[in-house]
Amino acid sequence: MVSDPGCLRLHSLGGIAAWRIAELVADVDYAYNGFTAFESALRGMTGYRESPWLWAFPWRRRGPGALVLAREDVASLVHPRQRLRLQTVRLESPGFWDFLGKSASVEAISGALNERQARKDARDRAPHERVVEEIDEYDRETDAILKRHRALEEMGASEEDLAPLRNQLIERPMGALGRHQDSGLITDAEVIDVPELPTGGEPEE
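The structure displayed is predicted, hence computed values, not measured ones. (Residues numbered from 1 in each chain as written. Predicted model: local features only at pLDDT ≥ 70, side-chain atom pairs only at ≥ 80, totals over all residues. Heavy atoms only, no water.)

**Student:** Provide a residue-level description of the overall build of the protein, including the pertinent values.
**Tutor:** Helices and strands together make up the secondary structure of the protein, namely seven helices and four strands. The order of helices and strands in the protein, counted from the N terminus, is β-α-α-α-β-β-α-α-α-α-β. A separation threshold of at least 6 residues defines the contact pool for the protein, and within that pool the share at least 24 residues apart is 79%. Working note: accessible area of the protein is about 11100 Å², and carbon and sulfur atoms make up 49% of it. (Helix = DSSP H or I, 4+ residues; strand = E, 2+ residues; numbered from the N terminus. Contact = heavy atoms within 4.5 Å. Areas by Shrake-Rupley, 256 points an atom, 1.4 Å probe, with all protein chains shown as cover.)

**Student:** With reference to specific residues and values, describe the sheet that holds strand E1 (residues 5-12).
**Tutor:** Sheet architecture is open: four strands sit in the order E2-E3-E1-E4, paired in antiparallel fashion. Each having just a single partner strand, strand E2 (85-90) and strand E4 (188-192) make up the two edges of the open sheet. Pairs of neighbouring strands in the sheet enclose a mean axial angle of 20 degrees, with direction left out of account. Pairing of E1 with strand E3 (residues 95-102) involves eight bridges; the strand directions are antiparallel. Its bridge partner lying in E3, Leu8 is registered against Phe99. (Pairing = 2+ DSSP bridges. Axes fitted to C-alpha atoms, helices over the stretch in contact; angles between N-to-C directions.)

Here it is, written out as structure tokens:
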């Protein structure tokens, strides 16, 4: 069972081509693994004096610009018991997908998607107005994670130190997931109460 579980509900539509559904599920998993790995890396950096990206990915020691992680690399950083599970699907129009995982990660995905949609709606309402305060779509979610690891500030970890991790574990995965929001396949995102497991409990790994 995932420790400290949370449930991400993505509202969607029925009657969608199977390949689009397969991509959606894969991209939700990618984004979840990215947020989970990002927090795990931060937790591991505490007390470590070398550059954070070097600690997290010792096989990529050629400089921050050389840090490129495939999806399988990101997934390998998440413990099997912390991996995302597809809990419930209701294929109506509209319907929803429920994903069970670590609460911090599912909350981060929901928050990032909603922030992204709110910014898009604001641009659509006033396309000719200049945005005075331009905030990166994922700043709020990454800041929330960073606040749980304040020891990094004492270590002198800078934004530049964390940029490779952020780019590979959050920006790229959320960019992949965001395309489903742009296409209208994801119509809303929220975190709901964790549903009770059916009789017999969770299936074994």
